[in-house]
Amino acid sequence: MSLRLKGTNAYGHLGWFEVYCSICDRTLRLGIDVVYKCPKCEKKYRAYFCEADKRSLKGRCPYCNTELVPAV
């Protein structure tokens, strides 16, 4: 018996690769868009940022003031 995932649980669904910018709530696709994250606040606040907001924040996380890194 094989287990087949369907719908939003399937690995090919874009929901597995989409995150939202913490500032402007823009949909960002990992691997396609330029996405930055805070290594400390990523799990707690889902702290992902778009390129424009990274520039406006001067490369620092607004929650803990840590340097933002590219999400790979």
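Turning our attention to the overall build of the protein chain. Broken down by element type, the protein chain carries 2 helices and 5 strands. Across the protein chain, helices and strands are ordered from the amino to the carboxyl terminus as β-β-β-α-β-α-β. Looking at the protein chain alone, contacts between residues at least 24 apart form 40% of all its contacts between residues at least 6 apart. When the accessible surface of the protein chain is totalled, it reaches about 5,500 Å², and 52% of it is carbon and sulfur.

Taken together, 3 strands build an open sheet; the order of strands is S4-S3-S5 and the sheet is antiparallel. Each edge of the sheet is formed by a strand with only one pairing partner; in this case those strands are strand S4 (48–50) and strand S5 (69–70). Bridge count between strand S3 (residues 35–37) and S4: 3 bridges; the pairing is antiparallel. Note on S4: the bridge partner recorded for Val-35 is Cys-50.

The next thing to look at is the side chain of Thr-66. Position of Thr-66 among the secondary structure elements: in the loop between helix H2 (51–56) and S5. Once you skip the residues sitting within four places of it in the chain, Thr-66 turns out to touch Cys-38, Pro-39, Lys-40, Gly-59, Arg-60 and Cys-61.

The phi torsion at Lys-58 lies on the positive side, around 60°, for a residue other than glycine. Note on placement: Lys-58 falls in the loop between H2 and S5. For Asn-65, which is not a glycine, the phi torsion comes out positive at approximately 65°. Positionally, Asn-65 belongs in the loop between H2 and S5.

Criteria and thresholds
Residues numbered from 1 in each chain as written. Predicted model: local features only at pLDDT ≥ 70, side-chain atom pairs only at ≥ 80, totals over all residues. Heavy atoms only, no water. Helix = DSSP H or I, 4+ residues; strand = E, 2+ residues; numbered from the N terminus. Contact = heavy atoms within 4.5 Å. Areas by Shrake-Rupley, 256 points an atom, 1.4 Å probe, with all protein chains shown as cover. Pairing = 2+ DSSP bridges.

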